[in-house]
Amino acid sequence: MISTVALVLCGPAALLATAILAAAVSRHTFATRLVYGAAFAISAALIVIVASHLAGNSGEASATLPLGLPWTGARFRLDGLSAFFLVVVNLGGAITSLYALGYGRHESAPHRVLPFYPAFLAGMNLVVLANDAFSFLLSWEFMSLASWALVMAHHRDEANRRAGTIYLVMAGFGTMALLLAFGLLAGPAGTYAFDAMRTAHPGPFAAGAVLVLMLLGAGSKAGLVPLHAWLPLAHPAAPSHVSALMSGVMTKVAIYGFIRVVFDLLGAPAWWSGVAVLLIGGVTAVLGILHALMEKDLKRLLAYSTIENIGVIFASLGLALAFKANAMPSAAALALIAALFHVLNHSFFKSLLFFGAGAVLTSTGERDMEKLGGLIHRLPVTSFVFLVGCVSISALPPFNGFASEWLVFQAILRSPELPQWGLKVIVPAVGGMLALAAALAAACFVKAFGITFLGQARSAAVERAHEVDRWSLAAMAVLAAFCLLAGILPGLVIDGLSPVTLSLIGDRMPVQMAEPWLSIVPIAESRSSYNGLLVFAFIAISASLAAFFIHRFASHALRRGIAWGCGFADPVPAAQYTAVSFAQPIRRVFGSFAFRARETVDMPAPGSLEPAHLKVDMHDLAWDIFYQPIAGAIDFATERLNHLQFLTIRRYLTLVFLYLVILLLVLALWP
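Report on the accompanying structure.

Thresholds, definitions, all that
Residues numbered from 1 in each chain as written. Predicted model: local features only at pLDDT ≥ 70, side-chain atom pairs only at ≥ 80, totals over all residues. Heavy atoms only, no water. Helix = DSSP H or I, 4+ residues; strand = E, 2+ residues; numbered from the N terminus. Buried < 20%, exposed > 50% of the residue type's maximum accessible area, 1.4 Å probe, protein only. Contact = heavy atoms within 4.5 Å. Areas by Shrake-Rupley, 256 points an atom, 1.4 Å probe, with all protein chains shown as cover. Lys, Arg positive; Asp, Glu negative; His and termini not counted. Charge placed at Lys NZ, Arg CZ, Asp CG, Glu CD. Axes fitted to C-alpha atoms, helices over the stretch in contact; angles between N-to-C directions. Parallel < 35°, antiparallel > 145°, perpendicular 65-115°, else oblique. Nonpolar A, V, L, I, M, F, W, Y, C, P; charged D, E, K, R; others polar. Expected span 1.5 Å × (residues − 1). Salt bridge = Lys/Arg side-chain N within 4 Å of Asp/Glu carboxyl O. Disulfide = S-S within 2.5 Å. Phe/Tyr/Trp six-rings, centres within 6.5 Å; stacked < 30°, edge-to-face > 60°. Lys NZ or Arg CZ within 6 Å of the ring centre and 35° of its normal.

A few words now on the overall build of the protein. Across its full length, the protein carries 23 helices and four strands. Along the longest, intermediate and shortest principal axes, the C-alpha atoms of the protein span 95 × 70 × 60 Å. The proportion of buried residues among the 671 residues of the protein is 54%. Of all intrachain contacts in the protein linking residues separated by at least 6 positions in sequence, the fraction that spans at least 24 positions is 78%. Carbon and sulfur atoms make up 69% of the accessible area of the protein, which amounts to about 29200 Å² in all. For the protein, the separation between the mean place of its 40 positive charges and that of its 33 negative charges on side chains is 3 Å.

Right under this line is the structure:
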């Protein structure tokens, strides 16, 4: 009888076969439906297999294939953690494929997208299934290269080529960090199987080095500050359904890698490891959403918002490490559940928002919010589901973003029980940063929805816009429904994640589905509880009653006015709030130190009919402080080394001789 893990491995194999088939038929008219239909069917089948494994508490299953390094083979394993992330990957893959059945017809260069799309899905599945360092790194590189090819799909655009180059450099840097981390975990024995690493227990110095390398390697792929530079460039450059996969799913594969190593392979954590992850998560959350607020490009705004959510997840993982190090398993299980729940939620609402941005781009050809507006009249279904995504990511009840972020704050409230004074101070401070990020996220998505969909049309393209195809609308509607269901039934998700915390922490949250009225009680009913279903019922009933009483009993004297008139009697579209003007108050509060923002006003002379000009100059400090000096040093070194190609043969031989002498000296002095 075929094992579960072998059955799951058939999925990536089928996806790779689809990629080969796509390379052969990608220029035919039927290729789009064939490739995305096959990807949808394979991903849906994988969800069924893995979800049944997770629901049935079937334990672990492993398999070794005769591939890879000689005499070692390629090891794969399916346990609670990998099963959960496989659900995230394939749920995202199935819904994205459904969306692409319609969206893909608008692709101008399908032969540059279709072969790499199923290969990208296969790479993400293999990373999560890998059970040795060689298979993990090979799958990781395969995933990175496939996604790089998708980022370069529209390679004639200079901005896309720059995004692809930076993405490739950052991916190579991340892989190098992971390679060093696995090298340290393998130790002198050099055994690269995860089962052997799990029992090795490295010393404190090696464990600290592995943690730092994992923050660099997995953090660069996830988008932690200051390693986020590639993310706001690459996500907008890719086609919108690929952007949804990269932002909603691939960043989660990076989080999986971090959890697999730090929580599973590295052994018992030190308390200071929680401090490092907490602080990085808090800073990432605040800076990510501040950048998003300053954006007027809809897809770049969503990309920066992903950085904020990655910060929330890492802050919660830092809390789980701190609690685990202090032998507080119930609190550690709560923090880890909050992180995993937010992983699932972010894959839902971020994919939904990128799909919405793709629908806007298809209908208008614009992603600059300053040229949109009034789309609620042209794209009513898209505007509704995009609003659901905005409410969800803003962590407003009864949608799913609130449930997971509420759990994060419940875990923060247990910080007074920690014995270290440093953690007693740092955890509430990070909690304040997360609260600030949540408030700024709400403002950010009021801007994203209001400027894009409300008010008057700012361009002729908006006047000609019409609703997108049914495949795309169906995919967005499914994700909107998931956002609501996960928000009103959070206990179902929490209980489903319990096998993961049992295997990594050794404890779990109390069974939530046993609580009356589908409430969730993370600690004790006397301390906190939440019922998403009752909140949803209250909002639905009170809104319905308010609408009924207004229409039934309010004055029938009707007066219509132009929305967002800003006090003008006869406003024109240019008089509306813009994305830049909406962000101005926050830019003036945070911009001077977070972005080195400078505003310059060019005011015409009195009596002149020329318009005034406002110029806003902002900088990404991570880019200025870290990347530009490195790029400058590389330019300097390459300029100097460039002279080597003009040496004579005698000087070349002298250099080779000196190099050999140095190597022999090193070998002679090596202990």
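A few words on the packing of helix α18 (residues 470-488) against helix α20 (residues 532-553). Where α18 contacts α20, the two axes come as close as 7 Å, and the packing angle between them is 120 degrees. Considering their axes alone, α18 and α20 lie oblique with respect to each other. Where α18 approaches α20, its residues L484, G487 and I488 are matched on the opposing element by G532, L533 and F536. A breakdown of the residues in the contact of α18 with α20 according to their chemical character gives four nonpolar, two polar and no charged.

Taking 1.5 Å per residue as the helical rise, helix α11 (residues 271-294) with its 24 residues ought to reach 34 Å, and the 36 Å between its terminal C-alpha atoms agrees with that figure. Buried residues dominate α11, accounting for 17 of its 24 residues.

Our next topic: the pattern of salt bridges. Applying the stated criterion across every chain yields a total of 15 salt bridges. Measuring nitrogen to oxygen at the nearest pair gives 2.8 Å for the salt bridge that ties R77 to D79. Note that R161 and E158 form a salt bridge whose closest N and O atoms lie 2.6 Å from each other. Here R161 and its partner E158 are both found in helix α6 (residues 158-186), three residues apart, which amounts to about one turn of the helix. Residue classification places R161 among the partly exposed positions, given a relative accessible area of 34%. Three or more residues joined by partner-sharing salt bridges are found here, namely E60, R77, D79, D195, R198, R260 and D264.

This part takes up the state of the cysteines. This model, assessed by the stated rule, comprises zero disulfides. Unpaired in this structure, C390 has its nearest cysteine sulfur neighbour in C444, at a distance of 8.7 Å. For C390, a relative accessible area of 3% puts it in the buried group. Note on C444: relative accessible area 0%, which makes it buried.

This part covers unusual backbone geometry. Glycine aside, a negative phi is what most residues show, and trans is what most peptide bonds show. Looking along the chain, the bond that leaves V225 and enters P226 is cis, with omega of 10 degrees. Within the fold, P226 resides in the loop between α8 (204-222) and α9 (231-237). Here the residue pair P397 and P398 is connected by a cis peptide bond, since its omega of 10 degrees sits within 30 degrees of zero. At A327, a residue that is not glycine, the phi angle is positive and equals roughly 55 degrees. Note that A327 resides in the loop between α12 (298-325) and α13 (329-364). Although it is not a glycine, R596 adopts a positive phi angle of roughly 50 degrees. Locating R596 in the fold gives a position in the loop between α21 (579-594) and β3 (598-602).

Okay, the packing of aromatic side chains next. Under the defined criterion, the tally for this structure stands at 22 aromatic pairs. Both rings, one in F182 and one in F194, keep their centres 5.7 Å apart while their planes meet at 25 degrees; by these two values the pair is stacked. Of this pair, F182 sits in helix α6 while F194 sits in helix α7 (residues 194-198); the two residues are 12 residues apart in sequence, bridging distant segments of the chain. Judged by its relative accessible area of 1%, F182 falls in the buried class. Using a relative accessible area of 1% as the deciding quantity, one classes F194 as buried. An aromatic cluster is built from F136, W140, F182 and F194, whose rings are joined through pairwise contacts. Between the NZ or CZ atom of K424 and the centre of the ring of W421, over which it lies, the distance is 5.5 Å.

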